[in-house]
Amino acid sequence: MAKRRLVLTFPPKLVEEPITYRLIKDYDLVVNILRAKISPEEEGRLMIELSGEKSALKRGVDYLNRLKVNIQPLARDIRWLEEKCTHCTVCVSLCPTEAIVVDRNSMKISFNKNKCIACGACIPACPYKAIEILF
Amino acid sequence: MSKTIAEINEKIRKGKAVVVDAEEIIDLVEEKGVKKATQEVDVVTTATFGPMCSSGAYLNIGHSKPKIKLGGGRVYLNNIPAYAGFAAVDIYLGATALPEDDPRNEVFPGKFEYGGGHAIQDLVAGKDIKLVASAYGTDCYPRKNLKTLINLKDLNEAVLFNPRNAYQNYNVAVNLSDKTIYTYMGVLKANMGNANYCSAGQLSPLLNDPLYKTIGIGSRIFLGGGTGYVIWQGTQHNPTAQRKDNDVPSVPAGTLAVIGDLKEMSSEYLVGITMPGYGVTLTVGIGIPIPILNEEICRYTAVKDEDIWAQIVDYSSSYPLGKKESLGEVNYAQLKSGKILVKNRDVLTGSLSSYSKAKEIATIFKEWIEKGRFLLSEPVAYLPGPDTGYSFKPLKER
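Here the structure is a predicted model, which is why all the values come from computation and not from measurement. (Residues numbered from 1 in each chain as written. Chains lettered and ligands numbered in written order. Predicted model: local features only at pLDDT ≥ 70, side-chain atom pairs only at ≥ 80, totals over all residues. Heavy atoms only, no water.)

Some details on the domain arrangement of chain B
All names here are of chain B. Entries for chain B in the domain assignment read domain 1 (5–53 + 161–385) and domain 2 (56–160). Contact with domain 1, which involves 28 residues of that partner, is made by 32 residues of domain 2. Overall, the association of domain 1 and domain 2 removes approximately 2,200 Å² of surface from exposure, summing both partners, and the carbon and sulfur fraction of that is 66%. It is Leu262, Lys263 and Val280 that lose the most area in domain 1 upon contact with domain 2, and together they represent 31% of the buried surface on that side. Run the count over domain 1 and domain 2 and you get zero salt bridges. Taken together, domain 1 and domain 2 are joined by twelve residue pairs in polar contact (both at pLDDT 80 or more). Put simply, the parts of the chain that give the side of domain 1 that touches domain 2 at least two residues each are β9 (157–165), β17 (256–261), β18 (270–275) and β19 (279–291). A total of six residues in the side of domain 1 that touches domain 2 trace back to one element, the largest contributor, which is β18. For the side of domain 1 that touches domain 2, a count of residues per class yields 17 nonpolar, nine polar and two charged. (Domains from an automatic or database assignment. Contact = heavy atoms within 4.5 Å. Buried area = accessible area lost by both parts, 1.4 Å probe. Salt bridge = Lys/Arg side-chain N within 4 Å of Asp/Glu carboxyl O. Polar contact = N/O pair within 3.5 Å; in protein donor to acceptor, adjacent residues only side chain to side chain. Helix = DSSP H or I, 4+ residues; strand = E, 2+ residues; numbered from the N terminus. Nonpolar A, V, L, I, M, F, W, Y, C, P; charged D, E, K, R; others polar.)

Right under this line is the structure:
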């Protein structure tokens, strides 16, 4: 089983294409929608987690590429601004996936992008505005 | 065996003082015993780095030509109202002040993007600040309007003056209600979804000197990256609060009023912050040296997280209604483990006060003293202690 977290951006003409349906039905992938948005410019943004056989995952991504869907790893859309972070740890208990963890000796936090599902719970809670999601 | 501050200062001047931080003294006392540790150690550095709302700075901006009397007029710094009830060009900028057009909590929870705390940080960082003022005009101060940029380096005086900082212990906040609440203790999820605390515990200044035997009026301290002084007990100072056998309070107790030259400080240790749905404030970094004058003082500084207890308080009801109700006691070792037991349930913890930043301050401060850059001062008077009966009273509405 392989897993990838992606941010898909698609132009207006693809808004009506049942992308998730095809990924599940035709490519046998498990699709977990983390976030979805259609902006006023009618540009669709979909934050998804795809899992399945490695080969199926590759074929699914190829399908998205053929459709000219812009694909970006999710990790690029989330930013921990370490220089602003004071390691207070107030965000830690709000993170549902343990993407933010504390080293209990140094009491410093670290951020694991690959575990982050971009739920955004930590963002308003950070007094120092040290986490950004560009979605 | 006892030492004096003068003797310790002599050693500091010679670069021979033995300085450890409030974390290191714990192991030292455990290893060598109080007697030996007292002989060996001269100073223990304590520190804290957390949001402290009763903070602000007074500024003297210098006189314009022709002159303007800001006193009794209106003054805004980066759109934030400053207090102008002093003489002609003295103003005070408070940490929690907000622009008049900030929507506050009209759309809940309010975002509070920029306020007094942020403006103080920007000022300290050396950024230009936009000043807009209006006055009524007098024969001696005829000007009625002023719009200019000001910068820290050009001000006559810029002084951080905080009426209440460095709380000796604090509550652990939870939310028993069924919806998320937005408090000064952070975002608290429904049904005890999380628990937030706010103290540096074993590193915190007043927890290392629980009866105020060395920290007093005139104590020279590390303040916001520069040098400052304790100038009074802080507001709401409550020395008669309940204490454990080790004399350490198990509820919020003593507080400090502090002062220092803003021009020496750094935006690394004075940081404007936003609490959603609550407002803006200033995170302040403070370090206080404790001279190891005798064994009693040494023993106090060896206090560890598991010996410092705090009350779990419901911020959806008990706190706003002013009810002194506790859901139980936990110690800072438990809080720092990331999980505490409340009402037989595991609750994840988070802190508003940064322990790692406090440790950083205690370490830097240690170097200052070791290198002879910082001498200790003898308090000119002591803070009211538990035996004075001094206490924190609620308001009597009439």
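A look at helix α2 (residues 54–66) of chain A
All names here are of chain A. Along its 13 residues, α2 runs 18 Å from first to last C-alpha, staying within 8% of the 18 Å computed at 1.5 Å per residue. For α2, every residue scored as buried is listed here: Ala56, Leu57, Gly60, Val61, Tyr63 and Leu64. Each buried residue of α2 sits inside an arc of 150° when the element is viewed along its axis, so together they form one side. Of the exposed residues in α2, those oriented more than 90 degrees away from the buried face are Lys54, Lys58 and Arg66. For α2, the secondary structure elements touched by its buried residues are β1 (2–10), α1 (19–25), β3 (44–52) and β4 (70–73). Looking one or two residues past α2, Lys68 carries a phi angle of roughly 70°, positive in sign. (Expected span 1.5 Å × (residues − 1). Buried < 20%, exposed > 50% of the residue type's maximum accessible area, 1.4 Å probe, protein only. Arc of directions from axis to C-beta.)

A short note on the interface of chain B and chain A
On the side of chain A, 17 residues touch chain B, which itself brings 29 residues to the contact. Regarding the contact of chain B and chain A, the summed buried area is about 1,700 Å², with carbon and sulfur atoms giving 57% of it. For the chain B face of the interface with chain A, the top three residues by lost area are Lys336(B), Ser351(B) and Ser356(B), together amounting to 22%. In this structure, the connection of chain B to chain A is made through one salt bridge. Ionic pairing is found between Lys129(A) and Glu113(B), a salt bridge with its closest N-O pair at 3.6 Å. Across the contact surface, chain B and chain A share ten residue pairs in polar contact (both at pLDDT 80 or more). When contributions to the side of chain B that touches chain A are tallied by element, the ones reaching two or more residues are β13 (195–197), β18, β23 (345–351) and α6 (355–370) of chain B. Looking at the side of chain B that touches chain A element by element, the count peaks at five residues for β18(B).

A look at unusual backbone geometry
All names here are of chain B. In this model, Lys65 is joined to Pro66 through a cis peptide bond whose omega is -10°. Turning to its location among the elements, Pro66 is positioned in the loop between β3 (56–60) and β4 (74–77). For the bond running from Phe108 to Pro109, omega is -10°, close enough to zero to count as cis. Looking at where Pro109 falls in the secondary structure, it is placed in the loop between β6 (90–94) and α3 (116–124). Positive phi, normally seen in glycine, also occurs at Asn79, with a value near 80°. Tracing the sequence through the fold places Asn79 in the loop between β4 and β5 (80–82). Of note in this structure, Arg104 is not a glycine but carries a positive phi near 50°. Here Arg104 lies in the loop between β6 and α3. Given a relative accessible area of 35%, Arg104 falls into the partly exposed group.

Here's the deal with the pattern of salt bridges
Counted according to the given criterion, the structure contains 20 salt bridges over all chains. For Asp62(A), the salt bridge identified is with Lys58(A), shortest N-O distance 3.2 Å. Remark: Lys58(A) and Asp62(A) occur in helix α2; sequence separation between them is four residues, near one turn of the helix. Its relative accessible area of 55% is what places Lys58(A) among the exposed residues. With a shortest N-O distance of 3.2 Å, Lys127(B) and Asp122(B) are connected by a salt bridge. For Lys127(B), a relative accessible area of 46% gives the class partly exposed.

Some thoughts on the side chain of Asp42(B)
All names here are of chain B. Note that Asp42 resides in the loop between α2 (24–40) and β2 (43–51). At 3.3 Å, the side chain of Asp42 and the side chain of Lys3 are in polar contact. At 3.1 Å, the side chain of Asp42 and the side chain of Lys11 are in polar contact. Beyond its immediate sequence surroundings of up to four residues, Asp42 is in contact with Lys3, Ile8, Lys11, Lys16, Ala17, Val18, Ile290, Pro291 and Ile292.

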